Amino acid sequence: MSDSLQLILEDVDGTQLETSCTRFAVMWQGREVWIQQVGNNQLMIGVDVEDGDTEYANLLLRPLATNLVSLELEMEPVEATDDDHVHGPDCNHDH
């Protein structure tokens, strides 16, 4: 299974551009809304985290039987970060 998403972007005039990526964001109300495929053919939709946020939300869209999907909202606490931490190849953190 590939984590690649096939995108079709359309301008106001109907011009379409096809591309693929592993995840993408839409700017909405000043926040980045990230969309990506995760395991078991699930589509995750999550909002970026800003300073002062205590939790963040992810929406998980799961395919069910024909023409049915399951939509689940997961609230996760924001993990405290160590501002003195320097990211290196062995830290297992996203940069």
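Here, every reference points to the structure presented above.
Nothing here was measured: the structure is a model prediction, and the numbers come from that model.

Rules and cut-offs
- Residues numbered from 1 in each chain as written.
- Predicted model: local features only at pLDDT ≥ 70, side-chain atom pairs only at ≥ 80, totals over all residues.
- Heavy atoms only, no water.
- Pairing = 2+ DSSP bridges.
- Helix = DSSP H or I, 4+ residues; strand = E, 2+ residues; numbered from the N terminus.
- Buried < 20%, exposed > 50% of the residue type's maximum accessible area, 1.4 Å probe, protein only.
- Salt bridge = Lys/Arg side-chain N within 4 Å of Asp/Glu carboxyl O.

A.B. asks: Even after reading the chapter, I still don't get the pairing of strand 4 (residues 31-38), so can you show me in this structure?
C.D. replies: Each regular strand shows side chains that alternate between the opposite faces of the sheet. In this structure, strand 3 (residues 23-28) lies alongside strand 4, joined through six bridges in antiparallel fashion. Looking at the pairing, Phe-24 lines up with Ile-35 of strand 4. As consecutive antiparallel partners, strand 3 and strand 4 are separated by two residues, and within that stretch Gln-29 has a phi angle of approximately 55°, a positive value. The pairing of strand 4 with strand 5 (residues 42-47) spans six bridges and is classified as antiparallel. If you follow Val-33 over to strand 5, its bridge partner there is Val-47. Between the end of strand 4 and the start of strand 5, which pair antiparallel, lie three residues, with Asn-40 showing a positive phi angle near 60°.

A.B. asks: Could you clarify how one ought to interpret unusual backbone geometry in this entry?
C.D. replies: Look at Asn-67: it is not a glycine, yet its phi comes out positive at around 65°. A relative accessible area of 77% means that Asn-67 is categorised as exposed.

A.B. asks: Explanation requested: the pattern of salt bridges in the structure shown.
C.D. replies: Side-chain pairs of opposite charge can arise whenever the charged atoms involved come near each other. For the coordinates displayed, the defined rule picks out two salt bridges. In this structure, Arg-31 and Asp-48 form a salt bridge, with 3.1 Å as the shortest nitrogen-oxygen distance. Here Arg-31 is found in strand 4, whereas its partner Asp-48 is found in the loop between strand 5 and strand 6 (55-63), with 17 residues between them in sequence. Owing to a relative accessible area of 23%, Arg-31 belongs among the partly exposed residues under this scheme. Its relative accessible area of 19% is what places Asp-48 among the buried residues. For Glu-72, the salt bridge identified is with Arg-62, shortest N-O distance 2.7 Å. Taken together, the residues span a long stretch of sequence, with Glu-72 in strand 7 (residues 69-77) and Arg-62 in strand 6 at a distance of 10 residues. The exposure class assigned to Arg-62 is partly exposed, which follows from its relative accessible area of 23%.

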